[in-house]
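So you can see what is in the structure, the chains are spelled out below.
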Amino acid sequence: MLRKRYFTVLFALMLLVLSACGNTDTKDTAAAKEKKTAPKPAPTEMILATTTSTQDSGLLDVLVPMFEKENNVKVKTIAVGTGQALEMGTKGEADVLLVHAPAAEKEVVDAGNAINYKRVMYNDFILVGPKENPAGVSGDDIKAAFKKLADSKATFVSRGDDSGTHKKELGIWTAENIKPAGDWYVSTGQGMGQTLQVAAEKKGYVLTDRATWLAQEKNLDTLQIVVEGGKDLMNIYHVMQVNPEKHDKVNSKDAEKFVNFMIDSKTQDVIEEFGKKEYGQSLFFKYTE
Amino acid sequence: MELLIDGIKKAIDMILSGDREVFAITWLTLKVCLISILISTFIGLPLGIFLGLTRFKGRRILLLFINIGMGLPPVVAGLWITMLLWRSGPLGDLTLLYSPTAIVMAQILVSLPIVTSLTCTAFQQISEKMLLQIKALGATRMQTLIILIKQLKIAILAAIMAGFGRVIAEVGAAMMVGGNILGDTRILTTTIVMEVSKGNFDIALALSFILLSLALLITAALTFLQQRKRIS
């Protein structure tokens, strides 16, 4: 009796597994059928390494399906910090990169690790701080604001993850000859969204890209924009393909198509339209060469 | 508090409205977890029984490594699998990185030691007298094994449940080796991380309830199986 029950259970489990496998099988056969009727080859795979801001803002959810449909490509989007994305490109673990740290990008391009380097779009960085604004910073001069923050030792929350935003922040500190350290300087090592949340809880200042700020503003009621608009605050995105001559497994055919897709005027219009409905303003602006 | 109630409401909404994306993510989570734990069971159970019942040279060292494996942080497992599957890595030609298979590999790596070690512990506790008695009654080796498995049903299922708990809760490795790709490797835990970083706490909370329900359902089934009274 008992053994019988075990068999039933075992049988049920097996069925579950089989159904799990079976499902993919039917999908495969369905795909195979499709192949027979329409001579459409299986989509090729391409790895896009990009920054969290393009994914968290929702921009890629619009662009990637467009590209996939047009070119019969399956895009695997890996959203990481710009530093990691560039490293993936250098190692040949990705096919195409969409990032925003021009100085670091230049090194990768100059070393011959990336080719077909094209400017795509921009938005801007902003300095966000607590509503009480204890350091009393304002205006559009980010360098003066950073100096004031360091002098007053107001809590500053840094990404600390080698992302484009982090590189930008470090660039400003270096330009002012300040080595940020101490209790007031908090390094989260996390993405932009989480860092903003930490800043909101700790009532700190934080440098962020405008897209992520707009998308998250609703959860951050202790923060406000304190510095914006300066020319030092421009946030430029570039797309580039990984050099296929350095790594033999790189899918350069689709990567090239993706670069051309991103600077295509039709795509550029989509980029500029994106977010207007939800936030009343564009999150990214067209900016090709 | 309000957020909590909203979350529950949203979760019920998501399930009832048949949101295709949520359904696909949940289904993938279930599939990946069940396949991982089944493979872990099929390998870990025999291995655990073997380690529990036999004595050989090097057994303790082997057990030590398996016990360390019980505490293997998923991100470490994720990192190893990632490096293994890199295009430039030893298994790069298989192009398995950022696929559900990669997630299954990482989950087996973290759950197999748990299943093995707990099974081994249970079998090691069988008293010599009982083994002798079974032998005296003339049982073949196969029969002995079946009797022992029946005797230790509770412990074996506990081992499987512990392994399952590890697998369904796992997020670090799944993020690393899966990449959280929509429609491909996005599972419930990685979606929750992503929604939190997007600031969509309501969706994250709703998904967490779906994940908990899933865990509850499976664990309840296993517990029921474990605690059922013997009739025969």
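Residues numbered from 1 in each chain as written. Chains lettered and ligands numbered in written order. Predicted model: local features only at pLDDT ≥ 70, side-chain atom pairs only at ≥ 80, totals over all residues. Heavy atoms only, no water.

This paragraph deals with the overall build of chain A. The secondary structure content of chain A amounts to 12 helices and 10 strands. Every one of the 289 residues in chain A was classed for burial, and the buried ones make up 48%. Total accessible area computed for chain A in this model is approximately 13,800 Å², and 54% of it derives from carbon and sulfur atoms. (Helix = DSSP H or I, 4+ residues; strand = E, 2+ residues; numbered from the N terminus. Buried < 20%, exposed > 50% of the residue type's maximum accessible area, 1.4 Å probe, protein only. Areas by Shrake-Rupley, 256 points an atom, 1.4 Å probe, with all protein chains shown as cover.)

Before going further, it helps to examine the interface of chain B and chain A. Contacts between chain B and chain A engage 32 residues on the former and 35 residues on the latter. The largest per-residue losses of area from chain B upon contact with chain A belong to B:R87, B:Y98 and B:K198, which jointly make up 24% of the total buried on that side. Applying the counting rule to chain B against chain A returns three salt bridges. Residue B:R87 pairs with A:D95 through a salt bridge whose shortest N-O separation is 2.9 Å. At the level of elements, helix 2 (20–53), helix 7 (141–151), helix 10 (188–198) and helix 11 (201–227) of chain B are the ones that each hand at least two residues to the side of chain B that touches chain A. In the side of chain B that touches chain A, the residues fall into 14 nonpolar, nine polar and nine charged. (Contact = heavy atoms within 4.5 Å. Buried area = accessible area lost by both parts, 1.4 Å probe. Salt bridge = Lys/Arg side-chain N within 4 Å of Asp/Glu carboxyl O. Nonpolar A, V, L, I, M, F, W, Y, C, P; charged D, E, K, R; others polar.)

Here we come to a nonpolar patch on the surface. There is a patch of nonpolar side chains on the surface, built from B:M1, B:L4, B:I5, B:I8, B:I12 and B:L16 and spanning about 620 Å² of accessible area. Assignment of secondary structure puts B:I5 in helix 1 (residues 2–16). (Patch = residues over 30% accessible without salt bridge, like charges linked within 9 Å, V, L, I, M, F, W, Y side chains within 5 Å.)

This next bit is on the confidence of the model for chain A. Summarising the model, chain A shows a mean pLDDT of 87, and 86% of its residues fall at 70 or more. Considering only residues more than four positions removed or in separate chains, one finds that residues 17–36 of chain A, a stretch of pLDDT under 50, has six contacts. (pLDDT = per-residue confidence, 0-100.)

The next subject is the nonpolar core. A:F258, A:M262 and A:F284 are the most contacted members of the largest nonpolar core, which totals 38 residues. Here this core gathers at least three residues from each of two domains, domain 1 (44–122 + 236–286) and domain 2 (123–233) of chain A. In this view, A:F284 contacts A:S53, A:S57, A:L59, A:M121, A:Y122, A:N123, A:A211, A:Y237, A:I271, A:E272 and A:F274; residues no more than four positions away in its chain are not counted. Among the nonpolar cores identified, the runner-up in size contains 35 residues, and B:I37, B:I49, B:M161 and B:A206 belong to it. (Core = buried A, V, L, I, M, F, W, Y, C linked by side-chain atoms within 4.5 Å. Domains from an automatic or database assignment.)

For the rest of this paragraph, the subject is the UniProt feature "transmembrane region" (unreviewed entry) in chain B. All names here are of chain B. UniProt records the feature "transmembrane region" (unreviewed entry) for residues 24–49, 61–86, 98–123, 144–169 and 203–225 in the present numbering. When the span residues 98–123 is considered, its composition is 92% helix and 0% strand, and the gap between its end C-alpha atoms is 38 Å. The straight-line gap between the two end C-alpha atoms of residues 144–169 is 36 Å; of that span, 96% is helix and 0% is strand. (UniProt positions renumbered as here; feature names shortened; annotations may be inferred.)

What follows concerns helix 11 of chain B. With 27 residues, helix 11 of chain B should cover 39 Å at 1.5 Å per step; its first-to-last C-alpha distance of 37 Å lies within 8% of that length. By the burial criterion, the buried members of helix 11 of chain B are B:A204, B:A206, B:L207, B:S208, B:I210, B:L211, B:L214, B:A215, B:I218, B:L222, B:L225 and B:Q226. (Expected span 1.5 Å × (residues − 1).)

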